[in-house]
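In case you want the letters, here they are:
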Amino acid sequence: MICLVTDFLSLPDADRTTDGLPAFSKPSMKTFIAVPIFVLASGIQHDCHKYLAGLKKYTVPQRFWFQWVVCPHYTSECLIYVAIAMIAAPEGQILNKTILAGLGFVASNLAVTADSTRKWYIEKFGIEKVAGRWRMVPFVY
Amino acid sequence: MTVGQVFLAWLFMAIQGARRLYESMVFTKPSQSKMWAGLWMIGIAFYVCIGVSVWIEGIGACPDL
């Protein structure tokens, strides 16, 4: 944070806009792609959490995304990290590798839980209730 | 990375954290469910590390370094 504050205060003229304001550099194309991904994924995850919390115990979720994926709230969590990785990408790269490592950690943890959730549904309600649904990532897992 | 990128990455992580906190406080119902304390701690460590890693990645944008 100190770094950010000092940078604000001591930006050289080259980093200022024509009207003299100490401004951020122009947002890149990556930012224009990443921001909508983040907003959309956040919205979907919020909707999923709200829906799940309001479910009658115990029922198989049927709302929109859930008919396609067992854990769409995990899918959106991963997408949120993809968006942040894109935003933090160094010049010349599409994604930030450090954030990508974080995504790998999150995705593998959630994948295990998504699989347990699917198995739990099968045990409780039978295979036909979750047949044809992906665990977490459509067409992949 | 530019200062703007560090700012935006942190802003997004803050939004995510704040929204999840809100959801936990508003949606969560009382439950007997148990969670392994180790997993909870790993989670805290993850959020600390991912946050600090954005600082480290953005250190090149700091003046006088």
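Residues numbered from 1 in each chain as written. Chains lettered and ligands numbered in written order. Predicted model: local features only at pLDDT ≥ 70, side-chain atom pairs only at ≥ 80, totals over all residues. Heavy atoms only, no water.

1. Considering the overall build of chain B
Here is step 1 of the chain: Counting its secondary structure elements, chain B contains two helices and zero strands.
Here is step 2 of the chain: Carbon together with sulfur atoms contributes 73% to the accessible area of chain B, which is approximately 4,500 Å² in total. (Helix = DSSP H or I, 4+ residues; strand = E, 2+ residues; numbered from the N terminus. Areas by Shrake-Rupley, 256 points an atom, 1.4 Å probe, with all protein chains shown as cover.)

2. Re the overall build of chain A
Here is step 1 of the chain: For chain A, the helix and strand inventory stands at four helices and zero strands.
Here is step 2 of the chain: The secondary structure elements of chain A, listed N-terminal to C-terminal, are α-α-α-α.
Here is step 3 of the chain: Scored against the burial criterion, the 141 residues of chain A give a buried share of 38%.
Here is step 4 of the chain: Considering only intrachain contacts with a sequence separation of at least 6, the fraction spanning at least 24 residues in chain A is 60%.
Here is step 5 of the chain: About 8,300 Å² of surface is accessible on chain A, with carbon and sulfur atoms providing 67% of the total. (Buried < 20%, exposed > 50% of the residue type's maximum accessible area, 1.4 Å probe, protein only. Contact = heavy atoms within 4.5 Å.)

3. Things to note about the interface of chain B and chain A
Here is step 1 of the chain: On the chain A side, the residues contacting the 30 residues of chain B number 32 residues.
Here is step 2 of the chain: Buried surface at the junction of chain B and chain A, both sides included, amounts to about 2,800 Å², of which 69% is carbon and sulfur.
Here is step 3 of the chain: Counting the surface chain B buries against chain A, the share from its top three residues, Phe-12, Phe-27 and Phe-46 of chain B, is 21%.
Here is step 4 of the chain: The tally of links from chain B across to chain A stands at zero salt bridges.
Here is step 5 of the chain: The tally of links from chain B across to chain A stands at 11 residue pairs in polar contact (both at pLDDT 80 or more).
Here is step 6 of the chain: Residue assignment for the side of chain B that touches chain A shows that the elements contributing at least two residues are α1 (3–26) and α2 (37–57) of chain B.
Here is step 7 of the chain: Looking at the side of chain B that touches chain A, its residues break down into 20 nonpolar, five polar and five charged. (Buried area = accessible area lost by both parts, 1.4 Å probe. Salt bridge = Lys/Arg side-chain N within 4 Å of Asp/Glu carboxyl O. Polar contact = N/O pair within 3.5 Å; in protein donor to acceptor, adjacent residues only side chain to side chain. Nonpolar A, V, L, I, M, F, W, Y, C, P; charged D, E, K, R; others polar.)

4. Description of the nonpolar core
Here is step 1 of the chain: Judged by nonpolar contacts, the single largest core of 34 residues is most densely connected at Ile-84, Ile-99 and Met-136 of chain A together with Val-54 of chain B.
Here is step 2 of the chain: Elements with a contribution of two residues or more to this core: α2 (29–53), α3 (72–87) and α4 (97–125) of chain A together with α1 and α2 of chain B.
Here is step 3 of the chain: If one sorts the elements of this core by residue count, α3 of chain A sits on top with nine residues.
Here is step 4 of the chain: The residues touching Ile-99 of chain A, leaving out its near neighbours within four places in the chain, are Tyr-81, Ile-84, Ala-85 and Ala-88 of chain A together with Ile-50, Ser-53 and Val-54 of chain B.
Here is step 5 of the chain: The next biggest cluster of nonpolar side chains, apart from the first, holds five residues, and it includes Ile-44, Cys-48, Tyr-51 and Phe-66 of chain A. (Core = buried A, V, L, I, M, F, W, Y, C linked by side-chain atoms within 4.5 Å.)

5. So, α4 of chain A
Here is step 1 of the chain: In this model α4 of chain A runs 40 Å from its N-terminal to its C-terminal C-alpha over 29 residues, within 8% of the 42 Å that 1.5 Å per residue would give.
Here is step 2 of the chain: For α4 of chain A, the set of buried residues is Ile-99, Gly-102, Leu-103, Val-106, Leu-110, Ala-111, Ala-114, Asp-115, Thr-117, Arg-118 and Tyr-121 of chain A.
Here is step 3 of the chain: Those residues of α4 of chain A hidden inside the fold are in contact with α3 of chain A together with α2 of chain B.
Here is step 4 of the chain: At the N-terminal boundary of α4 of chain A, the capping side chain belongs to Asn-96 of chain A, with an oxygen 2.8 Å from the backbone nitrogen of Thr-98 of chain A. (Expected span 1.5 Å × (residues − 1).)

6. Re the pattern of salt bridges
Here is step 1 of the chain: Applying the stated criterion to the full structure yields five salt bridges over all chains.
Here is step 2 of the chain: Where Arg-135 of chain A meets Asp-115 of chain A, a salt bridge forms, and the shortest distance between an N and an O atom there is 2.7 Å. Taken as a pair, Arg-135 of chain A in the segment after α4 and Asp-115 of chain A in helix α4 lie far apart in primary sequence, 20 residues in all.
Here is step 3 of the chain: Owing to a relative accessible area of 24%, Arg-135 of chain A belongs among the partly exposed residues under this scheme.
Here is step 4 of the chain: Given the relative accessible area of 14%, Asp-115 of chain A is considered buried.
Here is step 5 of the chain: Note that Glu-23 of chain B is salt-bridged to Arg-19 of chain B, the shortest N-O span being 2.7 Å. With Glu-23 of chain B and Arg-19 of chain B both in helix α1, this residue pair falls four residues apart, about one helical turn.

7. Notes on the confidence of the model for chain A
Residue and element names in this part refer to chain A.
Here is step 1 of the chain: Per-residue confidence for chain A averages 86 on the pLDDT scale, and 83% of its residues sit at or above 70.
Here is step 2 of the chain: For chain A, the element scoring lowest by mean pLDDT is helix α1 (residues 2–9), at 48; α3 scores highest, at 97.
Here is step 3 of the chain: pLDDT under 50 marks residues 3–9. Its contacts with residues more than four places away, or in other chains, come to 10 contacts. (pLDDT = per-residue confidence, 0-100.)

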